[in-house]
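# Summary of the model geometry
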Amino acid sequence: MKLEKREITLNEADSVKDVYQTEKFLLYEYVNALSKVQTKEARSAMMSLIKEVGEDMLFMKELIQRTEN
């Protein structure tokens, strides 16, 4: 039996979709963590991170839509 090597390439669109999914997962985890945080400072930091990741996620979504059209 002969094993063949297959070349697997990752294009830019796939990379952007992977980043989008990662950002989506990270946002979900930050929201879950927010419900467990007790101090005001930590809540403020979490809200800042949620905003940042949300903006990044939406930017990635726009890039995906551009590549699909």
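Residues numbered from 1 in each chain as written. Predicted model: local features only at pLDDT ≥ 70, side-chain atom pairs only at ≥ 80, totals over all residues. Heavy atoms only, no water.

## Structural notes on the overall build of the protein chain
- Helices and strands together make up the secondary structure of the protein chain, namely two helices and zero strands.
- On the protein chain, roughly 6,200 Å² of surface is accessible, and the fraction owed to carbon and sulfur atoms is 55%. (Helix = DSSP H or I, 4+ residues; strand = E, 2+ residues; numbered from the N terminus. Areas by Shrake-Rupley, 256 points an atom, 1.4 Å probe, with all protein chains shown as cover.)

## Considerations on the environment of Tyr30
- Take Tyr30: it is sitting in helix α1 (residues 12–34).
- C-alpha of Tyr30 to C-alpha of Val53: the two residues are 23 residues apart in sequence and 9.1 Å apart in space.
- Sequence-distant contacts of Tyr30, that is, excluding residues within four places in its chain, are made with Met46, Leu49, Ile50 and Val53. (Contact = heavy atoms within 4.5 Å.)

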